[in-house]
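Architecture and fold: a report
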Amino acid sequence: MSNDFFVLMKAELLVTILLFIILFLKIGNKKWENGSLLAVINSLLVINVAAGFFCNREGALFGGAFHTSPLIVLEKNMLSLGTLIISLQANHWLREHKHVSEFYMLLLSTLLGMFFMISGNNLLLFFVGLELSTIPLAALVNFDLEKRLSSEAAMKFILSSAFSSGLLLFGISMVYGTTGALDFVSIAQQLTGSPLQIFAFILLLAGFAFKISVVPFHLWTADVYEGAPVAVTSYLSVISKGAILFVFVPVLYNVFSSLDRTWYNMIFLLSVLTMVIGNLFALRQQNMKRFLAFSSIAQIGFILTGISGQSAAGSAAVIYFVLIYIFSNLGAFGVVALVSAVAGKENVDDYRGFYKTNPILSWVLAISLFSLAGIPPTAGFFGKFFLLMAGAGKGNYILITIAALNMVISLYYYLRIVKAMFMDEGGEPVAKIEPGIPSKMALAICMGGILVTGLASGAYQYIYSLIVGYGH
Amino acid sequence: MNLNLLVILPFITSLIILLCKGLRPVRAVAVTGAALQGVLGFVLLYFYWKERASGNTALMLFEKDHSWYAPLHIHYHTGVDGISVAMILLTSFIVLAGVLVSWNMEKLSREFFFLLYLLSVGAYGFFISLDLFTLFFFLELAVIPKFLLIGIWGSGKKEYAAMKLALMLMAGSALVFVGLMGIYFHSNTGDGTHSFDLLRITQMHIPPATQKIFFPFAFIGFGVFAALFPFHTWVPDGHSSAPTAASMFLAGISMKLGGYGCLRVATFLMPDAAHYYSGIIVLLSAIAILYGAFATMMQTDLKYINAYSSISHCGFVLLGIGMLTKTAITGAVMQMVSHGLMTALFFACIGMIYDRTHTRMVEKLGGLLKMMPFISTAFVLVGLCSLGLPGLSGFVAEVTVFMGSWQHADGWYRLATIVACASIVVTAVYILRAVGQSVMGPAGNASFRTLTDARWNERLAIVILMVGIVAIGVAPFWLNDLIAPGAESIMRKVMSLTWR
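Reading the values: rules and limits
- Residues numbered from 1 in each chain as written.
- Chains lettered and ligands numbered in written order.
- Predicted model: local features only at pLDDT ≥ 70, side-chain atom pairs only at ≥ 80, totals over all residues.
- Heavy atoms only, no water.
- Contact = heavy atoms within 4.5 Å.
- Buried area = accessible area lost by both parts, 1.4 Å probe.
- Salt bridge = Lys/Arg side-chain N within 4 Å of Asp/Glu carboxyl O.
- Polar contact = N/O pair within 3.5 Å; in protein donor to acceptor, adjacent residues only side chain to side chain.
- Helix = DSSP H or I, 4+ residues; strand = E, 2+ residues; numbered from the N terminus.
- Patch = residues over 30% accessible without salt bridge, like charges linked within 9 Å, V, L, I, M, F, W, Y side chains within 5 Å.
- Areas by Shrake-Rupley, 256 points an atom, 1.4 Å probe, with all protein chains shown as cover.
- Core = buried A, V, L, I, M, F, W, Y, C linked by side-chain atoms within 4.5 Å.
- Buried < 20%, exposed > 50% of the residue type's maximum accessible area, 1.4 Å probe, protein only.
- Phe/Tyr/Trp six-rings, centres within 6.5 Å; stacked < 30°, edge-to-face > 60°.
- pLDDT = per-residue confidence, 0-100.

1. Quick word on the interface of chain B and chain A
Tallying the contact residues gives 35 residues for chain B and 40 residues for chain A. Where chain B abuts chain A, roughly 3500 Å² becomes buried across the two surfaces, and 84% of that area is made up of carbon and sulfur atoms. Summed over the shared surface of chain B and chain A, the result is 0 salt bridges. Between chain B and chain A we count 6 residue pairs in polar contact (both at pLDDT 80 or more) in total. The element contributing the most residues to the side of chain B that touches chain A is helix H7 (residues 158-186) of chain B, with 14 residues.

2. Quick notes on a nonpolar patch on the surface
Together, Ile8(B), Phe11(B), Ile12(B), Leu15(B), Ile16(B) and Leu18(B) line one region of the surface with nonpolar side chains, adding up to about 480 Å² of accessible area. Turning to its location among the elements, Phe11(B) is positioned in helix H1 (residues 4-19).

3. Let's talk about the nonpolar core
Ranked by size, the top nonpolar core spans 378 residues in total, and within it Tyr104(A), Phe248(A), Ile307(A), Phe385(A), Phe386(A) and Met181(B) carry the most contacts. Per-element tally for this core: the top contributor is helix H14 (residues 312-343) of chain A, with 21 residues. Look past the residues within four positions of Phe248(A) in its chain and what remains in contact with it is Leu205(A), Phe208(A), Ile212(A), Ile267(A), Leu304(A) and Ile307(A). Grouped together as the second largest cluster of nonpolar side chains are 12 residues, Val282(B), Phe316(B), Met323(B) and Phe402(B) included.

4. What about the side chain of Ser161(A)?
Considering the arrangement of structural elements, one finds Ser161(A) in helix H7 (residues 148-179). The residues contacting Ser161(A), other than those within four sequence positions of it, are Thr134(A) and Lys211(A).

5. Quick word on the pattern of salt bridges
Close approach of charged atoms lets side chains of opposite charge pair. Residues and elements named next belong to chain A. Under the definition given, this model contains 22 salt bridges over all chains. Here Lys76 and Glu12 are joined by a salt bridge, their closest N and O atoms 2.6 Å apart. Residue Lys76 is found in helix H4 (residues 70-94), and its partner Glu12 is found in helix H2 (residues 10-27); the two are separated by 64 residues along the sequence. For the pair formed by Lys76 and Glu12, the shared burial category is buried. Asp424 is the salt-bridge partner of Arg352, the closest N and O atoms lying 3.9 Å from each other. With Arg352 in the loop between H14 and helix H15 (354-357) and Asp424 in the loop between helix H18 (397-422) and helix H19 (437-455), this pair connects stretches of sequence that are 72 residues apart.

6. Side note on the packing of aromatic side chains
Applying the stated criterion to the full structure yields 73 aromatic pairs over all chains. Ring centres of Phe386(A) and Tyr460(A) lie 4.9 Å apart, and the angle between their planes is 50°; this geometry places the pair in the tilted category. Of this pair, Phe386(A) sits in helix H17 (residues 379-392) while Tyr460(A) sits in helix H20 (residues 458-470), and the two are 74 residues apart along the sequence. Ring centres 6.4 Å apart and planes at 55° place the aromatic pair Phe133(B) and Phe196(B) in the tilted group. With Phe133(B) in helix H5 (residues 132-141) and Phe196(B) in the loop between H7 and helix H8 (198-203), this pair connects stretches of sequence that are 63 residues apart.

7. As for the confidence of the model for chain A
Per-residue confidence for chain A averages 90 on the pLDDT scale, and 99% of its residues sit at or above 70. Looking over chain A, one finds the lowest element-wise mean pLDDT in helix H1 (residues 2-8) of chain A, namely 77, and the highest in helix H16 (residues 359-373) of chain A, namely 94.

Following this line, the structure appears as structure tokens:
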């Protein structure tokens, strides 16, 4: 039993240990230089990722409230990898920051919360994990301490999070009231499709939709992304959304499978709305962070299309897409972070002539954007193709046509950035940027991921086999 | 013969190009790679003939099938028939000529040749694919290089043209995607799974009602690439803004991707629907032929002239496909090859003229035949090919299309054929006028007198393309023998249906 405990909860335990190590480093006698502190923390994060590859097996703890399987460990590991990339990219910014250890303590707390959320087999544990991941995030959004915009963003984030948590809690209480159960298995058995249960489901769906910024619950996204420090923005857009998706899919597929007729129509509608509105708003954004915020909203629309497929292929496509999305979005954010940190510029127009001064970074950003747009040979092409294919499995070709045409709209705004970098002249381009070794490593990981995970089918097949083997 | 070489060779060349520094090593690598591609194309032709001569009558030769994404039944499945071999040969000719005319590309030469090669990887991969996913992958692979080639190295309204081209082609592939999904989910392998495999799907009969839904998606999607009226509007802007080599690639290779896709995917896999919609296809292509010809009359820019005439000429391809007779389809493929060579040569000549005179306006040119006899002669010849002079490839291809079209007994189809034939007169008007005004008569400008004729690389490019044009024009039977079996297999598929 005790052995089980250590093996099954190793990801959570490891992150907790890391948290304590950072705490001890902070309160110890020795005054750490920012540079060496960052080096230590980053190597700890590498160990965290590496450890995820060992001793994975299925099991449950605490009377079934906590469960894990190789699939769940893989999901957690993807989040750890993303966190590592973000940490490497933030190196430049954090070097000058006064509160490095606090940043990591907050960051790892949210990661811990997400791990519990993913492993939760029980609405209560899920909710506790969710809150643990949300509240530190609000503090992180405010981490550009002297910027007003950052505080404003934090305020907006905490208010909208609190509201969506309220919706979720309301939904959970109604689920409990109508089914008398909190663990997922019993809920699935007790669902009858009564109006009150459908209402409860809608509340839960709205809560989820807030967290992954599905239209019409997306209004907080752009402002928060713009105000938050770039590292936190990328964390919000990739890691926190990914974690929610990892829970959302099994909740829909397993817990609410008996209501699938109801939720299919909702997901269909939300998917179309999210794609169209996210795309239309992204068309005219000038600020890169706002632009990426709306593009990430549109991406969620495509993901919902995949989810609507309700099959093993759909589930695999979503997880695979999140993996690709981590690489692509972090590649884009990595360059944006560098330009923002070095030149203090965040507008699309500031990227004019970027290719002349920074050819390699331009290619990195362009390839990341191509991957987001779904252009071969990048992995994004495969991710999008599989998502839409999973959606098409349901036979709803209206949805697929809308989604496919939305990919064209999205191509326009991604190409706008490429055009600014490669073709536009005039204005003064950003000066040559010398990214440090950590940033280079992070971007190299992203590029490797984008170019390999698609052409080599191993990652997808592994995910698919895990889903077939261990359920969604 | 391993077909993967066709993809691997240009890909490796492009990687080597990225490692080079400076124009000289880059172009040395590029031209070597292009020459090797040409050799590979002929080796393929030789092995293909040898295999056929030895009595191998399989639909596709040199098949290789690797599983790629097993859970989704996606394979990397390659193989060629005569049609693909013809298209591959065409591609290798144009790549070589395109590299040669870009010999002095000073601006970002490494990136330029890299993107050209990426585009050719997409084209070769597309022509050898027998799996719909792989085919789609290569189709889209070729879109972004075009965007960058036009946007960075182009002239005029290059950003607008590049964006328009990329978005329209992407919209085309979005439609293709929906069509592919429809085919995939309605293919039934018997054990409840689906397939992307072209050859396996032809064995299954997709219900005609389903075909009618998804055929328009696939056909229009590929039709956007092949300048199907009214989705042709990217052609004039894209071609005229692109740098010379990119124009050659666009008109010579990229538009052929569309024609090939219409034939291989839409018509081959959904013959019932192809028959059902053939009237509309014929109507649209007749409009494109006539409209393209008349629109060309009004153009004064040489590149626009060729771009609009491409719409007209590609109309013959779609007309041939829409007629659904063996001869017409053979003619359509011949027209693809012929138009590819011809239009590439046309753009090459225009590029060379523009490099020297710095104008492409017909009225400002004149008397070029005296100063640059080689280029001007090629220009006149290619113009004659375009209007269908016997002895050159254009005549052979168009006559085959017309003969095949006339075999269709329906009166309206014959009317469309007559209209298409009549457009040749219009073609003669604009071609003779453009060619006459620009190369004959008095020199348009006194400064033209100092101009020099083609350099060796330009001569070589012209000769390579001209050899192809004359070879088809004088001895069309070899191309016909190459294409006809492939066209016949498509026709057998169409004929086997109940409606005949």
